[in-house]
Amino acid sequence: MNAMRMIQVAFITVFLVGLYLVSLVWPGAMNGPMSIMEVNGPVAQEQATVFWYTVAVSSFLLVTVGGVFLYAIFRFRAKPGQDFKVPEQTHGSAAVEIGLIVASCVLLLVIAVPNARALFYVSEVPAERKQEAIKVVAIGHQWWWEFQYPDLGITTANELHIPIGKPIDIEVRSADVLHAFWVPRLAGKIDAIPGQINRMWMEATDPGKYQGQCTEYCGDSHANMRFLVMAQKAEDFDGWVRNEKKDGVKPKTIEEVNGHRVFMSGCNACHTVKGSGAMGTKGPDLSHFGSRTTLGSGIYVSNKDNLTNWIKFPKQMKPGNLMNLESVNMVVGDKDVKDLVAYLESLK
Ligand code: CUA
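Residues numbered from 1 in each chain as written. Predicted model: local features only at pLDDT ≥ 70, side-chain atom pairs only at ≥ 80, totals over all residues. Heavy atoms only, no water.

With respect to the overall build of the chain
Check the secondary structure of the chain and you find nine helices and 14 strands. Taken over C-alpha atoms, the radius of gyration comes to 28 Å for the chain, far larger than the 20 Å a tight globule of 348 residues would show. Dimensions of the chain, computed from C-alpha atoms along their principal axes, come out at roughly 100 × 45 × 35 Å. In the chain, 65% of the contacts between residues at least 6 apart in sequence involve partners at least 24 apart. Entry remark: accessible area of the chain is about 19,300 Å², with carbon and sulfur atoms responsible for 64%. Averaging the coordinates of the 33 positive side-chain charges in the chain and doing the same for the 33 negative ones gives two points 3 Å apart. (Helix = DSSP H or I, 4+ residues; strand = E, 2+ residues; numbered from the N terminus. Rg over C-alpha atoms; globule rule 2.2 N^0.38 Å. Contact = heavy atoms within 4.5 Å. Areas by Shrake-Rupley, 256 points an atom, 1.4 Å probe, with all protein chains shown as cover. Lys, Arg positive; Asp, Glu negative; His and termini not counted. Charge placed at Lys NZ, Arg CZ, Asp CG, Glu CD.)

Set out below in structure tokens:
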């Protein structure tokens, strides 16, 4: 190998190693709402620990193999004035070959054992904590998430409330096509497969909003299939549960009464509002829609303008939106939309 080629190889090696190291500490990769590095709770912590452990073992390998490689090209480079004589050829060394095979197997085990242990840990709530676990069924729909709490008799959508410090035992299902459930800072991810039940668990240590995202391509609005996990202190969570168990509030003002009338002329075919007679299950349960902070599976802030646009222009607000007023023969004028918005917002 001549000097020029040697410098090129050395440069590329240093560049790749540098790129690798920068990628590990780049601030944008380390934090933010969808970061797998800024972890919270034991499941995400376990995943991060096993990740960094594997990175450490891989880095050791990279440095060792790269070091020997660099040493070889420097040590055995062609020197000025040297005559190019082919060195004495040997078939190889059985001792070195067996040694390398054994070393590779040992290194594989060193990586595999903690990873396998972590896989078992994250797949199910630890036996000694089963009693205190909160059960949740997460169902992927095109393009939103339904969250049921079978033991509490609650159904909600797109905003999953959980108490901090408690394991959440999650059953992941799909109502139509493949989806995947992922809350990077808490745990994940796992596929939602039609006709199959997958399990996972997670736990938040600190209260806060954790961003979730469908992470299996599922059609037009796959990227718009977001959700939030609202981790709350026990007393706040209990308050939320108490409110969710109630029926949707009865319309009070003239606007809300008319909004409810409009709602029952078509929206009820797909949506439920507990106690109002609306029992559709195709779309999200709206019994307490007014208490949710987001709209359209986490892609809009829930406010009057966005809600008005959502009702009037569902396809523009979300590509492929299955909400379709024509399909239930609804024709609503501006006044009716305004009243419908007032009614929906009253459903705290
Ligand atoms: Cu649901 Cu992607």
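What to know about unusual backbone geometry
Cis geometry marks the peptide bond from Q142 to W143; its omega dihedral reads -5 degrees. Positive phi outside glycine occurs at N158, with the angle close to 65 degrees. Tracing the backbone shows N158 in the loop between β3 (154-157) and β4 (159-163). Given the relative accessible area of 8%, N158 is considered buried. (Buried < 20%, exposed > 50% of the residue type's maximum accessible area, 1.4 Å probe, protein only.)

Comments concerning the nonpolar core
The nonpolar side chains of soluble globular proteins are, as a tendency, buried together. The biggest cluster of nonpolar side chains holds 36 residues, and the ones touching the most others in it are F147, Y149, L160, I170, F181, M202 and V229. In this view, I170 contacts V136, A138, F181, N198, R199, M200 and M202; residues no more than four positions away in its chain are not counted. Membership of the second largest hydrophobic core comes to 20 residues, among which are F263, W310, V337 and L340. (Core = buried A, V, L, I, M, F, W, Y, C linked by side-chain atoms within 4.5 Å.)

Thoughts on the packing of aromatic side chains
According to the stated counting rule, one finds 10 aromatic pairs in the structure shown. Among the aromatic residues, those joined into a cluster by ring pairs are W145, F147, F181 and F227. It is K189 that lies over the ring of W182; its NZ or CZ is 4.5 Å from the centre. (Phe/Tyr/Trp six-rings, centres within 6.5 Å; stacked < 30°, edge-to-face > 60°. Lys NZ or Arg CZ within 6 Å of the ring centre and 35° of its normal.)

What about the side chain of Q213?
Within the secondary structure layout, Q213 lies in strand β9 (residues 208-213). Separated by 3.3 Å, the side chain of Q213 and the backbone oxygen of H222 make a polar contact. Residues within four places of Q213 in sequence aside, it is in contact with M34, A180, F181, W182, H222, A223, M225, R226 and F227. (Polar contact = N/O pair within 3.5 Å; in protein donor to acceptor, adjacent residues only side chain to side chain.)

Some remarks on the domain arrangement of the chain
Here the chain is partitioned into domain 1 (3-77 + 92-123), domain 2 (130-244) and domain 3 (254-346). Here the C-alpha centroids of domain 2 and domain 3 sit 22 Å apart. Each partner contributes residues to the interface: domain 2 has 22 residues there, and domain 3 has 19 residues. Between domain 2 and domain 3, a total of about 1,600 Å² is buried, with carbon and sulfur atoms accounting for 47% of that surface. For the pair domain 2 and domain 3, the number of links is zero salt bridges. At the surface where domain 2 touches domain 3, the tally comes to 11 residue pairs in polar contact (both at pLDDT 80 or more). Ranked by residues supplied to the side of domain 2 that touches domain 3, first place goes to strand β10 (residues 226-232) with four residues. When its residues are assigned to classes, the side of domain 2 that touches domain 3 shows eight nonpolar, nine polar and five charged. (Domains from an automatic or database assignment. Buried area = accessible area lost by both parts, 1.4 Å probe. Salt bridge = Lys/Arg side-chain N within 4 Å of Asp/Glu carboxyl O. Nonpolar A, V, L, I, M, F, W, Y, C, P; charged D, E, K, R; others polar.)

Considerations on empty space enclosed by the protein
A full pass over the atoms with the stated rule returns one cavity of 30 Å³ or more. In this structure, the largest cavity encloses a volume near 40 Å³. Around the largest cavity, the lining residues are T156, E159, H161, W240, E244, S291 and R292. Secondary-structure elements contributing two or more residues to the lining of the largest cavity are β4 and α5 (234-245). Among the residues making up the lining of the largest cavity, the classes are represented as one nonpolar, three polar and three charged. (1 Å grid on protein atoms, 1.4 Å probe; cavity = no way out; pocket = protein on both sides within 12 Å on 5 of 7 lines; lining within 4 Å. Points joined across faces, edges and corners; volume = space filled by probe spheres on them.)

Notes on the sheet that holds β4
Backbone hydrogen bonds are what pair the strands of a sheet, in a parallel or an antiparallel way. Strand order in this open sheet of three strands is β4-β10-β9, and the pairing throughout is mixed. The open sheet has two edge strands with one neighbour each: β4 and β9. When strand polarity is set aside, the average angle formed by the axes of neighbouring strands in this sheet is 25 degrees. For β4 and β10, the ladder comprises five bridges, and the chain directions are parallel. From the neighbouring strand, P163 faces β10, where its bridge partner is Q232. (Pairing = 2+ DSSP bridges. Axes fitted to C-alpha atoms, helices over the stretch in contact; angles between N-to-C directions.)

With respect to the environment of T253
Locating T253 in the fold gives a position in the loop between α5 and α6 (254-263). Spatially, the C-alpha atom of T253 lies 99 Å from that of G81, the residues being 172 residues apart in sequence.

Brief notes about the state of the cysteines
Summed over all chains, the structure comprises zero disulfides. C270 carries a free sulfur, and the closest cysteine sulfur to it, the one in C267, is 8.7 Å from it. According to the relative accessible area criterion, C270 is partly exposed, its value standing at 24%. (Disulfide = S-S within 2.5 Å.)

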